[in-house]
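# Descriptive analysis of the structure
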Amino acid sequence: MLCLSGLSVALALSLLPGPSEALREGECEVCVSFLGKFYQSLKDDNVNFNSADIEKAIIKTCKDAKGKENRFCYYIGATSDAATKMINEVSKPLSYHVPVEKICEKLKKKDIQICELKYDKQLDLTTVDLKKLKVKDLKKILEEWGESCKGCAEKSDFIRKITELMPKYAPAAAKARTDL
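To keep things clear, this report deals only with the structure shown in the data block. (Residues numbered from 1 in each chain as written. Predicted model: local features only at pLDDT ≥ 70, side-chain atom pairs only at ≥ 80, totals over all residues. Heavy atoms only, no water.)

### Some points on the packing of aromatic side chains
Per the stated rule, a full pass over the model turns up four aromatic pairs. Stacked on the ring of Tyr-74, the Lys or Arg Arg-71 has its end atom at 4.8 Å from the ring centre. (Phe/Tyr/Trp six-rings, centres within 6.5 Å; stacked < 30°, edge-to-face > 60°. Lys NZ or Arg CZ within 6 Å of the ring centre and 35° of its normal.)

### Digging into helix H8 (residues 135–144)
Those residues of H8 that fall on the buried side of the exposure criterion are Leu-138, Ile-141 and Leu-142. Along the long axis of H8, the arc covered by the buried residues comes to 95°, so they all point the same way. H8 presents Lys-136 and Glu-143 as exposed residues on the side facing more than 90 degrees away from its buried surface. Of the residues trailing H8, Gly-146 is marked for its positive phi of about 80°. (Buried < 20%, exposed > 50% of the residue type's maximum accessible area, 1.4 Å probe, protein only. Helix = DSSP H or I, 4+ residues; strand = E, 2+ residues; numbered from the N terminus. Arc of directions from axis to C-beta.)

### Focus: the packing of helix H2 (residues 29–44) against helix H4 (residues 67–76)
Their axes nearest at 10 Å, the elements H2 and H4 cross at an angle of 90°. Taken together, the axes of H2 and H4 lie roughly perpendicular to each other. Where H2 abuts H4, its residues Val-30, Cys-31, Phe-34, Leu-35 and Lys-37 lie against Lys-68, Glu-69, Phe-72 and Cys-73. Of the residues in the contact of H2 with H4, the class split is six nonpolar, no polar and three charged. (Axes fitted to C-alpha atoms, helices over the stretch in contact; angles between N-to-C directions. Parallel < 35°, antiparallel > 145°, perpendicular 65-115°, else oblique. Contact = heavy atoms within 4.5 Å. Nonpolar A, V, L, I, M, F, W, Y, C, P; charged D, E, K, R; others polar.)

### A closer look at the layout of surface pockets
By volume, the largest pocket is sized at about 590 Å³. Taken together, 15 residues make up the lining of the largest pocket; nearest its centre are Asp-120, Gln-122, Lys-140, Glu-143 and Glu-144. For the lining of the largest pocket, the secondary structure elements donating two or more residues are H4 and H8. Here the lining of the largest pocket gets five residues from one element, more than from any other, and that element is H8. Looking at side-chain class alone, the lining of the largest pocket contains five nonpolar, two polar and eight charged residues. (1 Å grid on protein atoms, 1.4 Å probe; cavity = no way out; pocket = protein on both sides within 12 Å on 5 of 7 lines; lining within 4 Å. Points joined across faces, edges and corners; volume = space filled by probe spheres on them.)

Here it is, written out as structure tokens:
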């Protein structure tokens, strides 16, 4: 009798709908964004949509990727230092024009870290008080611009370098700021 009731409970639980596999809003942000831009670039460049050509294009695109997008490329195996190769999990579905959201759902099942990647919040350079930022954040601004601050020892050195380079990298922010 007890065995029968345990069996019926297991059967009832198996019939209940499981957790939804669809991505929630904001989930897999880097994956969806990167693959969306990548897919659009393939269409714009009239690339032949076969798995081999797409793999080559992913590897080429990932060479120039920075930050979170570079980390995504590492996770799918599109960088030279990657430990695993899941690049075919991206190239094959893209060759069949599968929506990037569906590709990211499948990647999430393979490696949850892919969907844990989130872009850093962008600072509004027109209004932010550079003196109140941490040195880490100031370094991040310079890094995003592809610059470094050689010989910078204090916070004021980083602030001076950012204000020097702001007209080049963020001209609108430079014009809007009054403390320059």
